[in-house]
Amino acid sequence: MSKHHITTTINGEPVEFLCEPQETLLDVLRNTLNLTGSKEGCASGDCGACSVICDGKLICSCLMLGVEAEGHNIVTVEGIATGDELHPVQRKFLEHAALQCGFCTPGLIVASKALLDETLNPTEEEARYWLAGNLCRCTGYDKIIRAVMDAAAEMRGEARAA
Amino acid sequence: MPSLTYASPTTANEAIALLAEASGQAKLLAGGTDLLVQLRSGRVKPDLIVDTKKIPGIIGIREENGEFVIGAATPGAVLEAHPELKQVWPGVVEAMDLIGSTQIQGRASLAGNLCNASPAADSVPAMIAAGAVAVILGSKGRREAPVEAIVVGPGRTSLANDEFILEIRLPKRPPRSGDAYLRFIPRTEMDIAVVGCGVSVTLDEAGRCTAARVSLGAVAPTPLLVKEAADALIGHTLDDAILARLDAAARAACKPITDKRGTIEYRTKVAGVLTRRAAAIAFQRAQGDRSLRAPTKAH
């Protein structure tokens, strides 16, 4: 079986790669493109560690084939910061210590960024439902939610929440 | 690993030809939220994957003479972001929205949920209650089938090997109509229905039900259209006696199994309760109370 030649956009850059039809986008990101920020937790769309944004929509890269990336625009955790400047969500995760082992963190950063792309005024309940597909087995959810709500407040131009 | 071929046809005819000429097993790929899991686990080993998403009309929502036409591969997130669709068919949109996480909503579709043919599929009872019709293309041309005729058993559909669903059509809505879908799970999110219930009603000016459809999920090998439950509503306003009859009709239709999600007795009891609650929401919506959301998910 010959490999497919795929042309796509990842983190704003044009990217070409070769892949087998059964390879997932996550396989391609990690093994072919060396973008290892996206993690493989469950490989069945339950844990969210492989979250990426495809054409503005949050998806699990383990549930998309690499060949399907043709012509699409994909943002991974490596594309969330602007150069050396962290995205507010990333900074707030650090400030609030919203991680323990860190395995879920890339997925949560991408998912939180996607939420704040939709709205800068999420309620805590909305943020919790939005992130329900991102599992943290260290059970750090409270700090994660505080970080997301604080990032939203900062991006709205408000002073830091207590 | 046996060789797998991936094709992404750009016309419906090309897709039909690929399916018709496939020598081994062919699988359709829309959002892939079921197919990729099955590929990974080895439960399906197709020789050919036909990605439908480049077929014109298969993604997107349009209104046609009062009907909503939803492309078969349209992701749930697109339904949720469509105010007019939510206004007219809140039950269908909420049912779709209950499936999986935000990530799943970015890819999963109504037709994918239907063709995966799970007895517990959330969107299917809502579509059946809505009287939704699947537009099917194949070698023999185009045909339409009511959604309740698609699933014939767990994991099995009535589609021929060379057929696929192009779009789902939701019928024109008379005035004073409302729908609702409720599912029961032991947590608030990210779980599979113990029982699901879709109700759609139309009322007259006095609030009496003139048309109703009731559908139950996860209580039989396929989602059920429960005519006896609809008959319990038609001709009546919603009072305690009617609700009791509705509850009994819903319970009588159940043919569930006992599994880790619930026993036969529990599922049957919950089916009655959910049907009453879904009917109450559908009636309220038909009477113009659009503020109401099913109390199953916050947004």
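Only a predicted model underlies this, so the values are computations on that prediction, with no experimental measurement involved. (Residues numbered from 1 in each chain as written. Chains lettered and ligands numbered in written order. Predicted model: local features only at pLDDT ≥ 70, side-chain atom pairs only at ≥ 80, totals over all residues.)

**Some words on the overall build of chain B**
Item 1. Helix and strand content of chain B: 11 helices and 14 strands.
Item 2. Summarising its shape, the C-alpha atoms of chain B cover approximately 60 × 45 × 35 Å along the three principal directions.
Item 3. The buried share of chain B, reckoned over its 299 residues, is 51%.
Item 4. Put simply, 65% of the contacts in chain B that link residues at least 6 apart link residues at least 24 apart. (Helix = DSSP H or I, 4+ residues; strand = E, 2+ residues; numbered from the N terminus. Buried ≥ 20, exposed ≤ 12 C-beta atoms within 10 Å, placed from the backbone. Contact = placed C-beta atoms within 7 Å.)

**Some remarks on the overall build of chain A**
Item 1. Broken down by element type, chain A carries five helices and five strands.
Item 2. Beginning at the N terminus, the succession of helices and strands in chain A can be written as β-β-α-β-β-β-α-α-α-α.
Item 3. Scaling as 2.2 N^0.38, a compact globule of 162 residues should have a C-alpha radius of gyration of about 15 Å, and chain A matches this with 16 Å.
Item 4. Seen through its principal axes, chain A has C-alpha atoms that stretch 60 × 30 × 25 Å.
Item 5. Within chain A, the fraction of its 162 residues that count as buried is 46%.
Item 6. Contacts spanning at least 24 positions in sequence make up 58% of the contacts within chain A whose residues lie at least 6 apart. (Rg over C-alpha atoms; globule rule 2.2 N^0.38 Å.)

**Concerning the pairing of strand E4 (residues 61-64) of chain B**
Residues and elements named next belong to chain B.
Item 1. Bridge count between E4 and strand E5 (residues 67-71): four bridges; the pairing is antiparallel. For arginine 62, the partnering residue across the bridge sits in E5 and is valine 69.
Item 2. Linkage of E4 to E5, two consecutive antiparallel strands, is achieved through a turn of two residues, within which asparagine 65 is found at a positive phi near 50°. (Pairing = 2+ DSSP bridges.)

**What to know about the sheet that holds strand E12 (residues 195-203) of chain B**
Residues and elements named next belong to chain B.
Item 1. Overall, antiparallel pairing links the four strands, which are arranged E11-E12-E13-E14 in an open sheet. If you trace the sheet from one side to the other, it starts and ends with strand E11 (177-184) and strand E14 (224-225), each paired once.
Item 2. In the packing of helix H11 (residues 264-286) onto the sheet, contacts are made with E11, E12 and strand E13 (209-217), and the angle to E12 comes to roughly 30°. (Axes fitted to C-alpha atoms, helices over the stretch in contact; angles between N-to-C directions.)

**Looking at helix H2 (residues 88-95) of chain A**
Residues and elements named next belong to chain A.
Item 1. For H2, every residue scored as buried is listed here: Pro88, Val89, Lys92 and Phe93. The arc enclosing the buried residues of H2, seen along the axis, measures out at 140°, which places them on a common side.
Item 2. Buried residues along H2 sit in contact with helix H3 (105-118) and helix H5 (141-155).
Item 3. In the stretch just after H2, alanine 97 is the one whose phi turns positive, near 50°. (Arc of directions from axis to C-beta.)

**Let's talk about the interface of chain A and chain B**
Item 1. Between chain A and chain B, the contact holds 27 residues from the first and 26 residues from the second.
Item 2. Listed by contribution, the elements that provide at least two residues to the side of chain A that touches chain B are strand E3 (51-54), strand E4 (57-60) and helix H4 (124-130) of chain A.
Item 3. Split into classes, the residues belonging to the side of chain A that touches chain B amount to 15 nonpolar, eight polar and four charged. (Nonpolar A, V, L, I, M, F, W, Y, C, P; charged D, E, K, R; others polar.)

**Quick word on the domain arrangement of chain A**
All names here are of chain A.
Item 1. You can read the domains of chain A as domain 1 (4-79) and domain 2 (88-155).
Item 2. Distance between the C-alpha centres of domain 1 and domain 2: 21 Å.
Item 3. Across the contact, 13 residues belong to domain 1 and 11 residues belong to domain 2.
Item 4. Ranked by residue count, the leading element in the side of domain 1 that touches domain 2 is E3, at three residues.
Item 5. Residue composition of the side of domain 1 that touches domain 2, grouped by class: seven nonpolar, five polar and one charged. (Domains from an automatic or database assignment.)

**A word on the packing of helix H10 (residues 240-253) of chain B against H11(B)**
All names here are of chain B.
Item 1. For the pair H10 and H11, interaxial distance at closest approach is 8 Å and the crossing angle is 135°. Here H10 lies oblique to H11, going by the angle between them. Helix-helix and strand crossings are classified by hand; for H10 and H11 the assignment is right-handed. Touching Leu243, Leu246, Asp247, Ala250 and Arg251 of H10 are Thr268, Ala271, Gly272, Thr275, Arg276 and Ala279, all from H11. (Parallel < 35°, antiparallel > 145°, perpendicular 65-115°, else oblique. Left-handed = near helix turned anticlockwise from the far one by under 90°.)

**Quick look at the sheet that holds strand E1 (residues 4-10) of chain A**
All names here are of chain A.
Item 1. Judged by pairing direction, the sheet is mixed, and its five strands sit side by side in the order E2-E1-E5-E3-E4 without closing on themselves. Each end of this open sheet is capped by a strand with a single partner; those strands are strand E2 (13-19) and E4. The average undirected angle you get between the axes of adjacent strands in this sheet is 40°.
Item 2. Its contacts with the sheet put H3 on E3 and E4, and the angle it makes with E3 is roughly 35°.

**Observations regarding unusual backbone geometry**
Residue and element names in this part refer to chain A.
Item 1. Of note, the phi angle at asparagine 11 is positive, near 50°, even though the residue is not glycine.
Item 2. Summarising the element assignment, asparagine 11 is placed in the loop between E1 and E2.
Item 3. Taking the C-beta count within 10 Å as the criterion, asparagine 11 has 16 such neighbours and is therefore assigned partly exposed.
Item 4. With phi around 60°, asparagine 34 is a residue other than glycine that occupies positive phi space.

**Focus on the domain arrangement of chain B**
Residue and element names in this part refer to chain B.
Item 1. Split into domains, chain B comes out as domain 1 (5-51), domain 2 (61-170) and domain 3 (177-286).
Item 2. The distance between the C-alpha centroids of domain 1 and domain 2 comes to 18 Å.
Item 3. Every contact between the two is made by 11 residues of domain 1 and, on the other side, 18 residues of domain 2.
Item 4. The leading source of residues in the side of domain 1 that touches domain 2 is helix H1 (residues 12-21), at five residues.

**A few points about the packing of helix H5 (residues 90-97) of chain B against helix H8 (residues 123-130) of chain B**
All names here are of chain B.
Item 1. At a minimum axis distance of 8 Å, the contact between H5 and H8 shows a crossing angle of 165°. By the angle class used here, H5 and H8 are roughly antiparallel. The handedness of the crossing between H5 and H8 is left-handed. In this structure, H5 contributes Gly91, Val92, Ala95 and Met96 to the contact, and H8 contributes Ser123, Ala126, Met127, Ala129 and Ala130.
Item 2. Here the residues of the contact of H5 with H8 sort into seven nonpolar, two polar and no charged.

**Let's talk about the confidence of the model for chain B**
Residue and element names in this part refer to chain B.
Item 1. Mean pLDDT over chain B works out to 95, with 97% of the residues at or above the 70 mark.
Item 2. Between residues 295-299, whose pLDDT stays under 50, and residues either more than four places distant or in other chains, the model counts 11 contacts.
Item 3. Here the prediction assigns the complex a pTM of 0.95, and the interface score ipTM is 0.95. (pLDDT = per-residue confidence, 0-100.)

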